[in-house]
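Spelled out, the chains give:
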Amino acid sequence: MNDAILFAVDGGLARLTLNRPARLNAFNADLAHAWRDATAEVTSRSDVKAILIDAAGPAFCAGGDVIDMATTMGSADDITALAEVINSGIRSLTESTLPVVAAAHGTTAGGGLGILLSSDYAVVGSRSRLGSLYANIGLTPDLSVSAQLARAVGQRRALQLVLQDRLLSAAEAVEWGLVAEAVEGADSAGEADLVRARAEEVARFWLAGAAEAYGNAKRLVRSQPERTFVEQLSEEARSIGAAMATPDAQARIAAFAAASARTR
């Protein structure tokens, strides 16, 4: 791990902080490798039950560091290899049974959208702006944007975003279903703090409840495209049976039954 990602675990919550604020947390090789390593570690730890992704500085993530690409990467193969490193981290998150919340204050653009879409719940600020902007520099979507954006907002809206020089407002991002909610602060710095606080509140809600059930619900939804409808029904049946056998579910069901009996 290096300082491009700050990593802490507290009470079951892992916080990953993108930490290149001077470059709007755009990905260079250091951040890409730190991202891959941090996500691999966090999704393999038994003491982690939920993940929060946030960012230092005025923006969440501006995608790839274009200046770094122009000065240090000499070939198409270099860019492809860097994208695959970041993709490894995206897969660690989306294939895990840990719910992930993103605190995406400020601007999210390009590959930053892929990072945001790797979360299961996203909170932004009222001043936040979100967009693709790849074609502005002659590039195409990466970091799961073409894979996840249409699932999140529908194909027509995904095309509107990737085929235009457009940044969605926070209100538009909520209305499209790209993010869950937007919070408003008195100024940009205060709003960023409120975004982080709300995202942590979401994560703590998971931790205070049936965290394992939330994680497996995320897995069912995330993995559904791999299955036919009939296969998904079978996986749901298998999963709820497995959940029923857990001590947590047994205790919660018994408590529910007891509470219901008292109100009769």
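Preceding this section is the structure that the text describes.
Residues numbered from 1 in each chain as written. Predicted model: local features only at pLDDT ≥ 70, side-chain atom pairs only at ≥ 80, totals over all residues. Heavy atoms only, no water.

1. Some words on the overall build of the protein chain
Piece 1. Per the secondary structure count, the protein chain includes 11 helices and nine strands.
Piece 2. Summarising its shape, the C-alpha atoms of the protein chain cover approximately 70 × 45 × 40 Å along the three principal directions.
Piece 3. Burial statistics for the protein chain: of 264 residues in total, 42% are counted as buried.
Piece 4. Taking contacts inside the protein chain between residues at least 6 apart in sequence as the whole, the part at least 24 apart equals 71%.
Piece 5. Counting every atom, the protein chain has about 13000 Å² of accessible surface; 56% of that belongs to carbon and sulfur.
Piece 6. Within the protein chain, the 31 negative side-chain charges are centred at a point lying 6 Å from the centre of the 24 positive side-chain charges. (Helix = DSSP H or I, 4+ residues; strand = E, 2+ residues; numbered from the N terminus. Buried < 20%, exposed > 50% of the residue type's maximum accessible area, 1.4 Å probe, protein only. Contact = heavy atoms within 4.5 Å. Areas by Shrake-Rupley, 256 points an atom, 1.4 Å probe, with all protein chains shown as cover. Lys, Arg positive; Asp, Glu negative; His and termini not counted. Charge placed at Lys NZ, Arg CZ, Asp CG, Glu CD.)

2. Describing the pattern of salt bridges
Between side chains of opposite charge, pairing is possible as soon as their charged atoms come close.
Piece 1. In this structure the tally under the stated criterion is 21 salt bridges.
Piece 2. We note a salt bridge from R222 to D120, for which the minimum N-O separation is 3.0 Å. Note that R222 is positioned in helix α9 (residues 211–223) and D120 in the loop between α4 (111–117) and β6 (121–125), a separation of 102 residues in sequence.
Piece 3. Between E172 and R166 there is a salt bridge; the shortest N-O distance is 3.3 Å.
Piece 4. Taking relative accessible area as the criterion, E172 reaches 29% and is therefore assigned partly exposed. (Salt bridge = Lys/Arg side-chain N within 4 Å of Asp/Glu carboxyl O.)

3. A closer look at the packing of aromatic side chains
Piece 1. Applying the stated criterion to the full structure yields two aromatic pairs.
Piece 2. Measuring from centroid to centroid gives 6.1 Å for F27 and W35, while their planes differ by 85 degrees, and the two rings are edge-to-face. One exposure class covers both F27 and W35, and it is buried.
Piece 3. Relative to Y214, the ring of F205 lies with its centre 5.7 Å away and its plane at 45 degrees, an arrangement referred to as tilted. (Phe/Tyr/Trp six-rings, centres within 6.5 Å; stacked < 30°, edge-to-face > 60°.)

4. Focus on the pairing of β6
Piece 1. In terms of residue burial, β6 counts as a mostly covered element, since four of its five residues are buried.
Piece 2. As defined by bridge partners, β6 adjoins strand β9 (residues 181–183) across three bridges and the pair is classed as parallel. By the bridge assignment, V123 is partnered in β9 with E181. (Pairing = 2+ DSSP bridges.)

5. Considerations on the packing of α9 against helix α10 (residues 229–244)
Piece 1. At their nearest, the axes of α9 and α10 sit 11 Å apart, and the two run at 170 degrees to each other. Between α9 and α10, the crossing angle belongs to the class labelled roughly antiparallel. In this structure, α9 uses N216, R219 and L220 to contact α10, whose residues at the interface are Q232, E235, E236, R238 and S239. (Axes fitted to C-alpha atoms, helices over the stretch in contact; angles between N-to-C directions. Parallel < 35°, antiparallel > 145°, perpendicular 65-115°, else oblique.)

6. Let's talk about the nonpolar core
Piece 1. The biggest cluster of nonpolar side chains holds 49 residues, and the ones touching the most others in it are W35, I51, F60, I86 and L178.
Piece 2. Those residues in contact with I51 that lie beyond four places of it in its chain are L13, A14, L16, V42, T43, L93, L98, P99, V100 and V101.
Piece 3. The next biggest cluster of nonpolar side chains, apart from the first, holds 12 residues, and it includes V101, V183, V195 and A203. (Core = buried A, V, L, I, M, F, W, Y, C linked by side-chain atoms within 4.5 Å.)

7. Structural notes on the environment of A152
Piece 1. By secondary structure assignment, the location of A152 is in helix α5 (residues 145–153).
Piece 2. For A152 and G177, which are 25 residues apart along the polypeptide, the C-alpha to C-alpha distance reads 6.5 Å.
Piece 3. With residues near it in sequence (within four places) discarded, A152 still touches L117, W176 and G177.

8. Let's talk about the sheet that holds strand β7 (residues 129–131)
One key point about sheets: their strands pair by backbone hydrogen bonds, in either a parallel or an antiparallel sense.
Piece 1. Read from one edge to the other, the open sheet built from three strands follows the order β5-β7-β8, with strand pairing classed as mixed. In this open sheet, the two strands that pair with only one neighbour each are β5 (107–109) and β8 (167–169). Pairwise comparison of adjacent strand axes, ignoring direction, gives a mean angle of 20 degrees for this sheet.
Piece 2. Here β5 runs beside β7; their pairing, made up of three bridges, is parallel. When the sheet's bridge partners are listed, T107 is paired in β7 with R129.

9. What to know about the pairing of strand β4 (residues 100–104)
Piece 1. With five of five residues buried, β4 lies mostly within the body of the structure.
Piece 2. Of the two faces of β4, the one carrying V100, A102 and A104 and the one carrying V101 and A103 are both buried.
Piece 3. As judged from the three bridges shared by strand β3 (residues 50–55) and β4, these two strands associate in the parallel manner. Bridged to L52 within β4 is V101.

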